[in-house]
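Structure assessment
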Amino acid sequence: MTTTDRNATPEELAGVPSSLELTAIANQLFPDLTEGIDAVASHSGSVPAQPETAAIPGGAEFGAFDWQNPFGLPSVPAANAGTVQAYAPKVVSLEQAKESENAVSAGAANYAGAATGERTSGNDSIRIGSKTLAQIRNDFPILSEKVNGRQLVWLDNGATTQKPQAVIDRLAYFYEHENSNVHRGAHALAAKSTDAYENARNVVKDFIGAGSSEEIVFVRGTTEAINLIANSYVKPLLTPGDEIIVSILEHHANIVPWQLIAEQTGAVLKVIPCDETGQLILSEYEKLFTSRTKFVATTHVSNVLGTVTPIEELVVIAHRYGVRILIDGAQSIAHIPVNVSALDADFFVFSGHKVFAPTGIGAVYGKKELLDAAKPYHGGGNMIADVTFERTIYNALPNKFEAGTGSIADAVGLGAALSYLSEIGMPCVYRWEHELLQYALREMATLRGVTMIGTALDKASAFAFKVDGYSDEEIGKRLDEFGIAVRTGHHCAQPVLRRFGYESAVRPTLALYNSPDDIDALVKALRSFI
Ligand code: PLP
């Protein structure tokens, strides 16, 4: 369990180490880890041996992971569940990888494909919560597509995720049986579509652990969500010289809206730096606060490096200075269990299409009192209670922020996507993806001429790299010939790439349906031409 586990009660969370504490524990256990990761990145040597079994205070043992039931969370004591998985730093040399596979698990051999050239069992033996990986992959029809004569390998999940049949069917059902505008009609279909739409809002509320569905506003996606909060809540707070804090890791969607309102009000932006691994430096963050600080906006997961930011600490520190904080959950929502109430987040925003739902839909979570205090973003129908030419009385939450006709069917699709994930179990998804990412990093480390960008201890989904002698675009095109989809370019996050001296990078991103075979295909394809 981490302090972002959405199913955890506050009492359970009280006993869970924060990510800062976990980092301290990891540093104690693996003092050479940073050096090791650098070595992996530059291929200049192997990593000093890590303990096969080391007791983690208050936690389970590293190396004592239950590979017979690798993803059956219920068997893991709640208070221990997060201590190993978040910091099992298996980025090691190939020799050590093989050794530790033998030492740590029989199960790991299940996906030791590229390293050993053999696989002892397939996706049907990998259990992720209530389903096997094979079942999950079957749920996503597009994964059976052939691209350039090869089986599609979808490693562009950071840009958008594929949709399960459950979502596709829900959209079709909506248009076949329920389609109507919401809220306004007295007829049967208006009631059906309103029920479906409001039910989806409830599903979002439950999925992120919000207190009330009034606190969930449907928007087009993360970009619109951030613009909404910037203009509705933050801009009215600003006077010349006031300060907004963002981080170096941000996607442009969490930079430009703040620049726009800063320009309009005379406020300034301050930036939390990151260290060489791509992790935010909390001590520097704290130094940025002054009496002029009015707001903080940071990402939960970097869309380029995959860094999982110390979000609990970012929130606590902001609140210590009496400052509200927005969390950009675009890259965490599909990968990490989130509980906005446990986190005490003021605002949390995400896009549906990054979490197996349709494009054109996303959500803002905002604490009720803050949304109540905020001005409407768009004016129009649906957001009003009464209009005369002299004045308008706004509708209650959340309608106050949903002017005009929204993406009704897509909201219903979002509800279906989140229900699908909940049925599998987000803690299990998190755990599986963590293992898969470690496997991917380990396999990537066997390639010559590859430099990994961003080696933070805590990463999710994304890993970015450069290949000696090749442009990123060339790598993307060559991989496409193998049916492998990765993203190349600046990933709408130029400041963080420039922090590492690059203008662009190759970036694969994982999701729950990716398999060890996908990683093997990527590594094998790269090995064939680099
Ligand atoms: N924030 C992050 C971290 C992202 O990765 C993205 C998209 O990649 C966005 C914001 C913008 O999301 P959207 O284009 O869905 O609005």
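Residues numbered from 1 in each chain as written. Predicted model: local features only at pLDDT ≥ 70, side-chain atom pairs only at ≥ 80, totals over all residues. Heavy atoms only, no water.

1. Considering the site of the ligand
- With respect to spatial proximity, 13 residues lie near the ligand, and among them T223, D328, Q331, S351 and K354 are the closest.
- Within the contact set of the ligand, an oxygen atom lies 2.6 Å away from a side-chain nitrogen or oxygen of T223.
- One of the side-chain N or O atoms of H353 is found 2.7 Å from an oxygen atom in the ligand. (Near = heavy atom within 4 Å. Polar contact = N/O pair within 3.5 Å; in protein donor to acceptor, adjacent residues only side chain to side chain.)

2. Regarding the sheet that holds strand β11 (residues 293-299)
- Overall, mixed pairing links the seven strands, which are arranged β8-β14-β13-β12-β11-β9-β10 in an open sheet. On the outer flanks of this sheet lie β8 (216-219) and β10 (268-272), each paired with one strand and no other. Each neighbouring strand pair of the sheet contributes to a mean axis angle of 20°, computed without reference to strand direction.
- Two strands pair when backbone bridges link them, and β11 and strand β12 (residues 324-328) are joined in this way by five bridges, in the parallel orientation. Pairing of V296 across the sheet is with I325, part of β12.
- The strands touched by helix α11 (residues 256-265) are β9 (243-247), β10, β11 and β12; relative to β10, the strand with the most contacts, the crossing angle is about 145°. (Pairing = 2+ DSSP bridges. Helix = DSSP H or I, 4+ residues; strand = E, 2+ residues; numbered from the N terminus. Axes fitted to C-alpha atoms, helices over the stretch in contact; angles between N-to-C directions. Contact = heavy atoms within 4.5 Å.)

3. Observations regarding the packing of helix α8 (residues 165-178) against helix α9 (residues 188-207)
- One can describe the packing of α8 onto α9 by two numbers: an axis separation of 10 Å at closest approach and a directional angle of 160°. On the basis of their axis angle, the class for α8 and α9 is roughly antiparallel. Handedness of the crossing formed by α8 with α9: left-handed. In this structure, α8 contributes R170, F174, H177 and E178 to the contact, and α9 contributes L189, K192, S193 and A196. (Parallel < 35°, antiparallel > 145°, perpendicular 65-115°, else oblique. Left-handed = near helix turned anticlockwise from the far one by under 90°.)

4. Considering the packing of aromatic side chains
- Taken as a whole and judged by the stated rule, the model has 14 aromatic pairs.
- Note on F174 and Y175: the rings are 5.5 Å apart at their centroids and 80° apart in plane angle, and the pair reads as edge-to-face.
- Judged by relative accessible area, Y175 falls into the exposed class, the value being 53%.
- Both rings, one in Y233 and one in F295, keep their centres 6.2 Å apart while their planes meet at 55°; by these two values the pair is tilted. A residue pair is termed long-range when its members are at least 10 positions apart, and Y233 in helix α10 (residues 222-234) and F295 in strand β11 qualify at 62 residues. An identical accessibility class is assigned to Y233 and F295; each is buried. (Phe/Tyr/Trp six-rings, centres within 6.5 Å; stacked < 30°, edge-to-face > 60°. Buried < 20%, exposed > 50% of the residue type's maximum accessible area, 1.4 Å probe, protein only.)

5. Overview of helix α18 (residues 472-481)
- Restricting attention to buried positions, one finds in α18 the residues D472, I475, G476 and L479. End-on, the buried residues of α18 take up no more than an arc of 100°, which puts them together on one face. Set apart from the buried face of α18 by more than 90 degrees, the exposed residues are E473 and K477.
- Buried residues in α18 make contact with β18 (464-467), β19 (484-485), β20 (487-489), β21 (505-507) and α20 (516-529).
- Positive phi appears at G483, one or two residues downstream of α18, with a value of about 80°. (Arc of directions from axis to C-beta.)

6. Notes on the nonpolar core
- Core analysis: the biggest nonpolar cluster contains 109 residues, and I208, Y285, F350, F356, M444 and F463 have the highest contact counts within it.
- The element best represented in this core is helix α16 (residues 408-424), accounting for eleven residues.
- Excluding its chain neighbours within four sequence positions, the residues that come into contact with Y285 are I245, I272, V296, E313, L314, I317, A318 and I325. (Core = buried A, V, L, I, M, F, W, Y, C linked by side-chain atoms within 4.5 Å.)

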